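What the coordinates show
Listed below are the residues making up each chain.
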Amino acid sequence: MAQFVHNLTEEVPALVNAAVTYSKTRLATFWYYTKVELIPPTPAEIPTAIQSLKKIINSAKTSSFKQLTVKEALLNGLVASEVWMWFYVGEIIAKHGIIGYDV
Amino acid sequence: MVPPVQVSPLIKLGRYSALFLGMAYGAKRYSFLKPRAEEERRLAAEAKKKPDEQKRIERELAEAQEDTILK
């Protein structure tokens, strides 16, 4: 029993250290990508965004979206679904539950 | 490591506006559903009262009519 406790107190710090180092490197990679990819748009970028939106609306009006390849269209659809999923993530945050409203 | 990709501002704008719209929708729907659920619980509790009362009366009658000497 005493031997068990002794082993435990020796090995637990090592395990905790290993876990901390592992998560630190992962966190660093995560932060490295998040800083560029997941930040909200700065106010300076909003006109560019509105321009892109106008281009899309234009391509819908002039039927030039039919010139897209199927691969491009699929990719656009995938990106659009990802953007729409953020809506559901926001809803989950607001209702404080994953499935169903907790009334 | 792959360099991080430059996300188009339209996509960023779309993502964050969808996030905030979702939060607003969730909050509104929650505040709409909460009083309705409470009302329904109240109604269910009231509708339960009468059959419960009946059962209680029946149970007491049955107990009074039992002729066992073990009481």
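Residues numbered from 1 in each chain as written. Chains lettered and ligands numbered in written order. Predicted model: local features only at pLDDT ≥ 70, side-chain atom pairs only at ≥ 80, totals over all residues. Heavy atoms only, no water.

1. Here we look at helix H3 (residues 70-95) of chain A
Rule in force here: Counting from the N terminus, the helices are the DSSP runs of H or I reaching at least four residues and the strands are the DSSP runs of E reaching at least two. The span one expects for a helix is its residue count, reduced by one, times 1.5 Å. Type-normalised accessible area, obtained with a 1.4 Å probe on protein chains alone, sets the label of each residue: buried when under 20%, exposed when over 50%, and partly exposed for intermediate values. Contact between two residues is taken to exist if any of their heavy atoms lie within 4.5 Å; hydrogens are not considered.
Taking 1.5 Å per residue, 26 residues should reach 38 Å; H3(A) reaches 38 Å between its end C-alpha atoms and fits that length. Within the sequence span of H3(A), burial applies to Val83(A), Trp86(A), Phe87(A), Gly90(A), Glu91(A), Ala94(A) and Lys95(A). The elements touched by buried residues of H3(A) are helix H1 (9-65) of chain B. Positioned one or two residues after H3(A), His96(A) has a phi angle of 60°, which is positive.

2. Some remarks on the domain arrangement of chain A
Test applied: Here the bounds of each domain stem from an automatic or database domain assignment.
Assigned domains of chain A: these are domain 1 (1-39) and domain 2 (44-98). Look at where the C-alpha atoms of domain 1 of chain A and domain 2 of chain A centre, and you get two points 38 Å apart.

3. Things to note about the pattern of salt bridges
Heads up, the condition is: Here a salt bridge means any side-chain nitrogen of Lys or Arg lying within 4 Å of a carboxyl oxygen belonging to Asp or Glu.
Scanning the model with the defined rule gives seven salt bridges over all chains in all. The shortest N-O distance in the salt bridge between Arg15(B) and Glu82(A) comes to 2.7 Å. Taken as a pair, Arg15(B) in helix H1 and Glu82(A) in helix H3 lie in two separate chains rather than in one. The exposure class assigned to Arg15(B) is buried, which follows from its relative accessible area of 11%. Several salt bridges share partner residues, and in doing so they unite Glu39(B), Arg42(B) and Glu46(B) into one network.

4. Some points on the nonpolar core
Note the following rule: Side-chain atoms within 4.5 Å link the members of a nonpolar core, which is a set of buried Ala, Val, Leu, Ile, Met, Phe, Trp, Tyr and Cys residues.
Core analysis: the biggest nonpolar cluster contains five residues, these being Trp86(A), Phe87(A), Tyr16(B), Ala18(B) and Leu19(B). Secondary structure elements with two or more residues in this core: H3 of chain A together with H1 of chain B. For this core, the leading source of residues is H1(B), giving three residues. If near-sequence neighbours (up to four positions away) are discounted, Leu19(B) is found in contact with Trp86(A), Phe87(A), Val89(A) and Gly90(A).

5. Let's talk about the packing of H3(A) against H1(B)
Our working rule: Angles shown run from 0 to 180 degrees and are taken between the N-to-C directions of axes, each axis being a line fitted to C-alpha atoms and, for helices, limited to the stretch in contact. Each crossing gets its hand from how the near helix is turned against the far one by less than a right angle, where anticlockwise is left-handed and clockwise is right-handed. Here the term charged refers only to Asp, Glu, Lys and Arg, the term nonpolar to Ala, Val, Leu, Ile, Met, Phe, Trp, Tyr, Cys and Pro, and the term polar to all other amino acids, Gly among them.
In the contact formed by H3(A) and H1(B), the axes pass within 6 Å of each other and the chain directions differ by 35°. In terms of crossing hand, the pair formed by H3(A) and H1(B) is right-handed. Along the lines of polarity and charge, the residues of the contact of H3(A) with H1(B) split into 16 nonpolar, four polar and four charged.

6. Topic: the interface of chain B and chain A
Here is the rule we go by: Put simply, buried area is the surface a 1.4 Å probe can reach on two separate parts but cannot reach once they are joined, added for both.
Each side of the interface is counted separately: chain B has 29 residues, and chain A has 30 residues. Here chain B meets chain A over a buried area of about 2800 Å², counting both sides, of which 74% is carbon and sulfur. Remark: the boundary between chain B and chain A carries two salt bridges. Across the pair Lys12(B) and Glu45(A) runs a salt bridge whose closest N-O atoms are separated by 3.4 Å.

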